[in-house]
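# Structural description and commentary
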Amino acid sequence: MKVLVTGGLGFIGSHTVVELQNKGFEVVIIDNLSNSSIEVLDGIEAISGVRPLFEELDLKEKSRVEEFFKAHKDIVGVIHFAASKAVGESVNEPLMYYENNLNTLIYVLKSVLHLDSANFIFSSSCTVYGQADELPILESAPVKPAESPYGNTKQIGEEIIVDTCKVRSNLNAISLRYFNPIGAHASAKIGELPLGVPQNLVPFITQTAAGLREQLAVFGDDYPTPDGTCIRDYIHVVDLAKAHVVALQRLLEKKNPENYEVFNIGTGKGSSVLEVIQSFEKVTGLKLNYKIAERRAGDVIQAFADTSKSNEVLGWKAELSLDDAMESAWKWEKHIRNI
Ligand code: UFG
């Protein structure tokens with residue numbers, strides 16, 4: 001069974017390709033290489049023994065998207081990762097973000113509607129909840145006004161799919177709202193490749209330990225949390241990748257009672273910034289150079305998932321720990337820096 005993974009050379013995409021291959025799916029990847037490297041294909045092949053089909057294509061090129069789908073009518077499902085994802089950049093370049101993330105979604109969805117098997121998995125984010133009123137966060141929690149154009153593209157993206165599902169009963173779609181994806185494949189053959197200075201905590205930690213950055217700044221220690229630092233639900237990217245496979249299988253086996261569903265994908269456990277640092281130091285035996293700094297604008301204080309729905313309905317559960325994730329992230333950093 002052939003599955004299309006857009007953005008399949010990216011961080012979450014590449015790990016999902018491997019998990020799909022592990023379950024016997026044939027994978028075709030579309031990626032425009034704007035924030036990924038062609039060598040990721042070698043990493044995927046080294047793990048699974050199978051080189052996925054690859055098409056270098058920018059999904060904003062509508063006619064090429066249509067041609068692609070005409071040539072691949074046998075696709076049974078699409079997992080759509082391709083999108084720009086830097087929160088800060090989206091504030092400075094809103095039009096680029098709306099153009100990239102929404103046009104591409106619309107073009108892909110239009111083509112999916114013509115497939116015999118119109119199954120679609122959308123890469124959404126816990127950012128849609130903003131600072132939730134209740135923790136842990138349920139899927140039924142209200143969607144809050146987006147803090148950034150990036151966050152808004154995820155909200156609007158979900159709405160586009162909801163509206164389409166209402167009038168196109170052949171379309172079956174699932175949005176997965178990820179909490180904070182971290183870590184890398186245990187083989188250290190694929191992982192995260194941030195461009196420039198990392199904005200996210202874990203790549204900043206591993207780059208600091210590797211000597212690329214002088215010091216990690218912990219953004220605020222005066223929040224109303226047990227140790228004063230912000231709390232997030234850090235999910236191992238391999239667990240997250242597996243959630244995509246399970247969600248796709250649900251659609252293929254027609255187990256979905258509605259043609260649109262949404263699931264939180266997290267561990268259900270919140271960890272503070274200091275706990276993440278402690279985990280890193282424990283599993284690596286290294287001492288991390290960090291200091292407490294000012295709060296970062298736009299940070300929510302706490303976000304962690306209620307995972308009952310994904311556990312019970314999808315039959316999926318995060319299996320790997322924060323320590324596993326930090327260990328794999330460090331192994332990957334050492335691999336790419338030849339340490
Ligand atoms: N942090 C630091 N120092 C850093 C980087 C991060 O202390 O150098 C802290 C942040 O303040 C936050 C925590 O580490 O408390 C996690 O920050 P990340 O940037 O790794 O993750 P976010 O929770 O901010 O970002 C996530 C997703 C985005 C999404 C955003 C919405 O990665 O895609 O949530 O809030 F848009």
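Just so you know, these numbers come straight off a predicted model, no measurement behind them.

Next up on the list: the sheet that holds strand 2 (residues 26–31). Strand order across the open sheet formed by seven strands is 3-2-1-4-5-6-11, with parallel pairing between neighbours. Only two strands of the sheet have a single neighbouring strand rather than two, namely strand 3 (53–56) and strand 11 (260–265). Strand-to-strand twist in this sheet, taken as the mean axis angle between neighbours without regard to direction, amounts to 20°. The pairing of strand 4 (residues 75–80) with strand 5 (residues 119–125) spans three bridges and is parallel. Counted as the bridge partner of Ile79 is Ile121 from strand 5.

In the neighbourhood of the ligand, 17 residues make up the surrounding shell, with Leu201, Ala217, Phe219, Arg232 and Asp299 lying closest. Measuring from a nitrogen atom of the ligand, one finds a backbone N or O atom of Ala217 at 2.7 Å. At a separation of 2.9 Å, an oxygen atom of the ligand approaches a polar backbone atom of Phe219. Protein chains shield 88% of the accessible area of the ligand, which is 690 Å² for the free molecule.

This part takes up helix 9 (residues 273–284). End to end, helix 9 covers 17 Å across twelve residues, agreeing with the expected 16 Å (1.5 Å per residue, within 8%). Looking at the buried residues of helix 9, the elements they touch are helix 7 (201–209), strand 8 (216–219), strand 10 (234–236), strand 12 (271–272), strand 13 (290–293) and helix 11 (322–337). One or two residues past the end of helix 9 sits Gly285, with phi positive at roughly 75°.

This next bit is on the side chain of His72. Among the secondary structure elements, His72 is positioned in the loop between helix 3 (62–71) and strand 4. Side chain to side chain, His72 and Lys2 meet in a polar contact 2.8 Å long. Apart from the residues lying within four places of it in its own chain, the contact partners of His72 are Lys2, Val28 and Leu115.

Among the nonpolar cores identified, the biggest contains 35 residues, and Val3, Leu20, Ile44, Ile121, Leu176 and Ile265 are the most heavily contacted of them. Of all the secondary-structure elements, those providing two or more residues to this core are strand 1 (2–6), helix 1 (11–22), strand 2, helix 2 (40–48), strand 4, strand 6 (172–178), helix 8 (237–252) and strand 11. Sort the elements by how many residues they give to this core and helix 8 lands first, with eight residues. In this structure Leu176 touches Ile121, Phe122, Ser123, Ser124, Ser125, Ala243, His244, Ala247, Phe263 and Ile265, once residues within four positions along its chain are discounted. Listed in part, the 26 residues of the second largest apolar core include Leu105, Val108, Leu115 and Ala173.

Bring the parts together and some accessible area is lost; that lost area is often taken as the interface size. For the chain, the domain assignment lists domain 1 (2–179 + 237–265) and domain 2 (201–232 + 268–337). Relative placement of domain 1 and domain 2: their C-alpha centres are 24 Å apart. With 20 residues of domain 1 in contact, the opposing surface of domain 2 contributes 17 residues. Buried surface at the junction of domain 1 and domain 2, both sides included, amounts to about 1,800 Å², of which 65% is carbon and sulfur. Looking at the side of domain 1 facing domain 2, the largest losses of area belong to Gln131, Asp239 and Phe263, adding up to 29% of the total buried there. Connecting domain 1 to domain 2 are zero salt bridges. Here domain 1 and domain 2 share eleven residue pairs in polar contact (both at pLDDT 80 or more) between them.

Turning next to the environment of Met96. Among the secondary structure elements, Met96 is positioned in helix 5 (residues 94–112). Using a relative accessible area of 30% as the deciding quantity, one classes Met96 as partly exposed. Spatially, the C-alpha atom of Met96 lies 34 Å from that of Ile277, the residues being 181 residues apart in sequence.

At their nearest, the axes of helix 7 and helix 9 sit 11 Å apart, and the two run at 40° to each other. As far as their axial angle goes, helix 9 and helix 7 are oblique. Taken as a pair, helix 7 and helix 9 cross one another with a handedness that is right-handed. Only Val273, Val276, Ile277 and Phe280 of helix 9 make contact with helix 7, whose side of the interface consists of Leu201, Val202, Ile205, Thr206 and Ala209. Looking at the contact of helix 7 with helix 9, its residues break down into eight nonpolar, one polar and no charged.

Counting across every chain of the model gives three aromatic pairs. Arranged with centres 5.6 Å apart and planes meeting at 85°, the rings of Phe280 and Trp330 form a pair that is edge-to-face. Here Phe280 is found in helix 9, whereas its partner Trp330 is found in helix 11, with 50 residues between them in sequence. Each of the two residues, Phe280 as well as Trp330, counts as buried. The side chain of Arg295 reaches across the aromatic face of Tyr223, ending 3.9 Å from its centre.

All right, on to the pattern of salt bridges then. Applying the stated criterion to the full structure yields 16 salt bridges. Note that Lys2 and Asp74 form a salt bridge whose closest N and O atoms lie 3.1 Å from each other. Of this pair, Lys2 sits in strand 1 while Asp74 is found in the loop between helix 3 and strand 4, placing the two residues 72 residues apart along the sequence. The salt bridge involving Arg51 is made with Glu45; its shortest N-O contact spans 2.7 Å. Relative accessible area serves as the criterion here: at 39%, Arg51 is assigned to the partly exposed category. Through salt bridges with shared partners, a single ionic network connects Asp42, Glu45 and Arg51.

Quick notes on the rules
Residues numbered from 1 in each chain as written. Predicted model: local features only at pLDDT ≥ 70, side-chain atom pairs only at ≥ 80, totals over all residues. Heavy atoms only, no water. Pairing = 2+ DSSP bridges. Helix = DSSP H or I, 4+ residues; strand = E, 2+ residues; numbered from the N terminus. Axes fitted to C-alpha atoms, helices over the stretch in contact; angles between N-to-C directions. Near = heavy atom within 4 Å. Polar contact = N/O pair within 3.5 Å; in protein donor to acceptor, adjacent residues only side chain to side chain. Areas by Shrake-Rupley, 256 points an atom, 1.4 Å probe, with all protein chains shown as cover. Expected span 1.5 Å × (residues − 1). Contact = heavy atoms within 4.5 Å. Core = buried A, V, L, I, M, F, W, Y, C linked by side-chain atoms within 4.5 Å. Buried < 20%, exposed > 50% of the residue type's maximum accessible area, 1.4 Å probe, protein only. Domains from an automatic or database assignment. Buried area = accessible area lost by both parts, 1.4 Å probe. Salt bridge = Lys/Arg side-chain N within 4 Å of Asp/Glu carboxyl O. Parallel < 35°, antiparallel > 145°, perpendicular 65-115°, else oblique. Left-handed = near helix turned anticlockwise from the far one by under 90°. Nonpolar A, V, L, I, M, F, W, Y, C, P; charged D, E, K, R; others polar. Phe/Tyr/Trp six-rings, centres within 6.5 Å; stacked < 30°, edge-to-face > 60°. Lys NZ or Arg CZ within 6 Å of the ring centre and 35° of its normal.

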